[in-house]
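Survey of secondary and tertiary structure
Here is what each chain is made of, one letter per residue.
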Amino acid sequence: MEPFIQSSEIQYCDSLTKYSRRKTIPVRVGDVLIGGDNPIVVQSMTTVDTMDTQGSVEQCIRMIDSGCQLIRITAPSIKEAENLRNIRNELRKRGYQTPLVADIHFTPNAAEIAARIVEKVRINPGNYADKKKFEVIEYTDASYQEELERIRERFLPLVKICKEHGTAMRIGTNHGSLSDRIMSRYGDTPLGMVESALEFLRICEEENYHDIVISMKSSNTQVMVQAYRLLVQKLNEGGFKPYPLHLGVTEAGEAEDGRIKSAVGIGTLLEDGLGDTVRVSLTEDPEFEAPVAKALIDRYTNRKNHSQIQAINEYPINPFEHTKRESKEIYNFGGQNVPRVITDISRVENISEKEMKAVGHFYLPELDKWKMNDLGCDFVYSGDNPIPFMLPNGMREIQNFEVWKNTQDQTNKYPLFSLQEFQSSDAFHAELNFLEVLDTEIESASDLVENRKDVVLILKTSNAHGMPAIRRAFVHLIQKNNSIPVVVKVSYPDQTADQTMLYAATDVGGLLVDGLGDGILISLEKEGEHTREEVLEQIKLHNNVSFGVLQAARTRMSKTEYISCPSCGRTLFDLQETTAMIRKRTDHLKGVKIGIMGCIVNGPGEMADADYGYVGSGKGKITLYKGKEVIKRSVPSENAVDELIEIIRADGMWTEPETI
Ligand code: SF4
């Protein structure tokens, strides 16, 4: 975590402790303003073929009805770029003024046409003037300069057209599709991503064209957060204008995993006060994306009024690089251990063996045995409601201190203390005790446990600016050289399942991205009245979300990771159906990353660090990858999942699924 940085040198956000949205220049996109003091804009992208005018229009309307304020449509070639006019005219005819954005990869000629028709053009600086060859080429300073000249020549006409027509532009860098030139000099690093955008931005600024929004997307949440922060830092240091930011995590996937991954990346930056427009990309119909984006954004409406957090003078965390805070190993927390999941079951009296399936532990009555799946929690917190049967193997229980001290058999049962209880107690567990404190109590707690080798902190806050408040408490521990393991406890009383997922992913995920936290606990404490079944459902949700957050922040891999593109007009197969099919066969492959991409043009680049790839390469044809290497081309789609499994098997990564 060393060295300490003076907080005055941190320019990627206004404040580490006070919520303040970064002030950007407003960029007009039709009737919508992105940046400045304007509310954060929700946007999304169509998945229908751009040549299908009616289908595109119908989908746009469904998206608008779901809260989408800006719609992006792919324009892979001139004919699609031309057809944007028909889509736009039809929408206007039906009374919809929502601005359109043309999505361009590889085809400057399509961009130049689209820029005359729609309100905004998105270019990918990794492939606007470059073809991806996956070649590492050594560039001399002179040849690098020549390349920049070539880009300038290729890009300048578009800038001029945009200026002339009042068209805005997004310079949208993707981690997975950096040019060979950038890769050769910077590698696929956050700095490479930033430089990739700055090459194009400099050309725009020289032309006095400033209607620009910038994005730095990646499917790796750590890389994505670092790249956006570094971008802002470099814009400030380099004297560029404060351009608005478009936030997004690429290829986030579907359902719970896609939402959690999006929130870890987007939410963390929103906490920093960054972001002027948000696109959540899910492998689902696009009308499901806007409500998720809106739920993330709405959290900040009144954030400014949060209670004060002590300012930080010296910052011991590098915001541009993931380094885990060093913590000492206590029992199986901290040190080299993966972050632990503690699941709160404290609201269920006399929980039964059968009900433990909510926390991933399954009782098999015929065999009188227990089984655990990949989402079997490490600890349960039972509070004042101790588990009335013998604990399953691999399960440990945390009880409130008052209950624990009267428990006869204390095997695998550990006490949880409040600060007052801890200060006055003379009874402790010999190996493991939990001390729960608020962020505002961190100084007393830190002094109290400094030299102990049997305590894990459970840290929570009641501050509305939760993630930075907890981060501030971590800063205190680091400054005091206190390496006690810390579990972060969060609480979302009576929020919907979606909100719990998104908020926990933001609050705990944001800390994990900064290397903070040795565990997660989502509290049930303050929840209102619910039936037993509803409480068990909540427990299951909390348990699964906890594992999801750890995985999305890349700190503990407990399930297969799917990096699937959201699909667009280029998609060559039914992505949702295919993803579901692949998932059904492979979701027991813990820690394996599988890319599922709709097209061969962008798919291979966008799969980023997937171990295996399933990429549409023609009608009914799939190309299969191991890493970035093509293993089989043009496999008929009927056999492609079997062939994919064969590749995984040949690679020694296949295991047979177990049935529980
Ligand atoms: S990878 Fe998917 S979302 Fe990206 S361009 Fe291809 S089909 Fe569209």
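Residues numbered from 1 in each chain as written. Predicted model: local features only at pLDDT ≥ 70, side-chain atom pairs only at ≥ 80, totals over all residues. Heavy atoms only, no water.

1. What to know about the overall build of the protein
- The helix and strand tally for the protein stands at 18 helices and 27 strands.
- The C-alpha radius of gyration computed for the protein amounts to 26 Å, which stays within 12% of the reference 26 Å derived for 660 residues, consistent with globular compactness.
- Here the C-alpha coordinates of the protein stretch approximately 80 × 55 × 55 Å along the principal axes.
- Taking the contacts inside the protein whose residues are at least 6 apart along the sequence as the reference set, 68% of them involve residues at least 24 apart.
- Carbon and sulfur atoms provide 47% of the accessible area of the protein, an area that totals close to 25,500 Å².
- Averaging the coordinates of the 77 positive side-chain charges in the protein and doing the same for the 97 negative ones gives two points 4 Å apart. (Helix = DSSP H or I, 4+ residues; strand = E, 2+ residues; numbered from the N terminus. Rg over C-alpha atoms; globule rule 2.2 N^0.38 Å. Contact = heavy atoms within 4.5 Å. Areas by Shrake-Rupley, 256 points an atom, 1.4 Å probe, with all protein chains shown as cover. Lys, Arg positive; Asp, Glu negative; His and termini not counted. Charge placed at Lys NZ, Arg CZ, Asp CG, Glu CD.)

2. As for the site of the ligand
- Contacts to the ligand come from C565, S567, C568, R570, T571, G598, C599, N602 and G603.
- When its residues are assigned to classes, the shell around the ligand shows three nonpolar, five polar and one charged. (Near = heavy atom within 4 Å. Nonpolar A, V, L, I, M, F, W, Y, C, P; charged D, E, K, R; others polar.)

3. Concerning the UniProt feature "binding site: [4Fe-4S] cluster" (unreviewed entry) in the protein
- Those places that UniProt annotates as "binding site: [4Fe-4S] cluster" (unreviewed entry) correspond, in this numbering, to C565, C568, C599 and E606. Taken together, the annotated residues stretch across 42 residues yet fold into one region, lying no more than 13.5 Å apart by C-alpha.
- With respect to the element layout, C565 can be found in the loop between strand 23 (561–564) and helix 16 (575–586).
- Judged by relative accessible area, which is 10%, C565 ranks as buried.
- If near-sequence neighbours (up to four positions away) are discounted, C565 is found in contact with E251, T283, L575, I596, M597 and G598.
- With respect to the helices and strands, the residue E606 is situated in helix 17 (residues 603–606).
- Residue E606 is classed as buried on the basis of its relative accessible area of 7%. (UniProt positions renumbered as here; feature names shortened; annotations may be inferred. Buried < 20%, exposed > 50% of the residue type's maximum accessible area, 1.4 Å probe, protein only.)

4. A word on helix 6 (residues 190–206)
- Across its 17 residues, helix 6 extends 24 Å between first and last C-alpha, which sits within 8% of the 24 Å expected from 1.5 Å per residue.
- Most of helix 6 sits out of view: 13 of its 17 residues are buried.
- Positive phi appears at N208, one or two residues downstream of helix 6, with a value of about 60°. (Expected span 1.5 Å × (residues − 1).)

5. Points about the nonpolar core
- In terms of nonpolar packing, the biggest core is built from 157 residues, with F155 and L435 touching the most fellow members.
- For L435, the contacting residues outside a window of four places in its chain are F417, S418, L419, F422, A445, V449, V455, V456, L457 and I458. (Core = buried A, V, L, I, M, F, W, Y, C linked by side-chain atoms within 4.5 Å.)

6. Concerning the environment of L541
- Along the chain, L541 turns up in helix 15 (residues 532–552).
- In sequence terms L541 and N463 are 78 residues apart; their C-alpha atoms lie 24 Å from each other.

7. As for the pattern of salt bridges
- Tallying each qualifying case throughout the model produces 46 salt bridges.
- For K405, the salt bridge is made with E402, and the minimal N-O distance between the two is 3.1 Å.
- Look at E402 and you get partly exposed, because its relative accessible area is 42%.
- One salt bridge in this structure joins R471 and D514, with 3.5 Å as the shortest N-O distance. Here R471, found in helix 13 (residues 466–479), pairs with D514, found in the loop between helix 14 (497–513) and strand 22 (519–523); they are 43 residues apart in sequence, far enough to count as distant.
- Taking relative accessible area as the criterion, R471 reaches 1% and is therefore assigned buried. (Salt bridge = Lys/Arg side-chain N within 4 Å of Asp/Glu carboxyl O.)

8. A look at the pairing of strand 8 (residues 168–174)
- Where burial is concerned, most of strand 8 is hidden: seven out of the seven residues are buried.
- Both faces of strand 8 are covered, namely the face carrying A168, R170, G172 and N174 and the face carrying M169, I171 and T173.
- As judged from the four bridges shared by strand 7 (residues 120–123) and strand 8, these two strands associate in the parallel manner. In the strand pairing of strand 8, K120 is matched with A168. (Pairing = 2+ DSSP bridges.)

9. Some remarks on the packing of aromatic side chains
- Inspection of the entire model under this criterion finds 21 aromatic pairs.
- When the centroid spacing of 5.8 Å and the interplanar angle of 80° are considered together, the rings of Y128 and F155 count as edge-to-face. Placement of the pair is Y128 in the loop between strand 7 and helix 4 (141–165) and F155 in helix 4, with a sequence separation of 27 residues.
- Assessed through its relative accessible area of 0%, F155 is described here as buried.
- Grouped by ring-pair contacts, the aromatic residues Y331, F333, F379, Y414 and F434 constitute a single cluster.
- For R185, the ring lying beneath its charged end belongs to Y144, and the centroid distance is 4.0 Å.
- Positioned above the aromatic ring of Y503, the side-chain terminus of R299 is 4.0 Å from the ring centre. (Phe/Tyr/Trp six-rings, centres within 6.5 Å; stacked < 30°, edge-to-face > 60°. Lys NZ or Arg CZ within 6 Å of the ring centre and 35° of its normal.)

10. Let's talk about the side chain of D378
- You can see D378 is positioned in the loop between strand 15 (369–372) and strand 16 (379–383).
- On the basis of relative accessible area, D378 is assigned to the buried category, the value being 9%.
- At 3.4 Å, the side chain of D378 and the side chain of R340 are in polar contact.
- A distance of 2.8 Å separates the side chain of D378 from the side chain of R556, its partner in a polar contact.
- In contact with D378, other than residues within four places in its own chain, are P339, R340, V341, G394, M395, R396 and R556. (Polar contact = N/O pair within 3.5 Å; in protein donor to acceptor, adjacent residues only side chain to side chain.)

11. Re the sheet that holds strand 27 (residues 629–636)
- Taken together, the five strands give an open sheet; going across it, the order is 23-24-25-26-27, and neighbouring strands pair in mixed fashion. Only two strands of the sheet have a single neighbouring strand rather than two, namely strand 23 and strand 27. The mean inter-strand angle of the sheet, taken between neighbouring strand axes irrespective of direction, is 20°.
- Here strand 25 (residues 612–618) pairs with strand 26 (residues 621–626) via six bridges, running antiparallel. Within strand 26, the residue paired with Y612 across the bridge is K626. (Axes fitted to C-alpha atoms, helices over the stretch in contact; angles between N-to-C directions.)

12. Description of the sheet that holds strand 8
- Taken in spatial order, the eight strands of this open sheet run 9-8-7-6-5-4-11-10, and their pairing is parallel. Each having just a single partner strand, strand 9 (212–217) and strand 10 (246–247) make up the two edges of the open sheet.
- Here strand 4 (residues 41–45) runs beside strand 11 (residues 277–278); their pairing, made up of two bridges, is parallel. The residue of strand 11 that forms the bridge with V42 is V278.
- Packed onto the sheet, helix 2 (residues 78–93) meets strand 5 (70–74) and strand 6 (100–104) and runs at close to 165° relative to strand 6.

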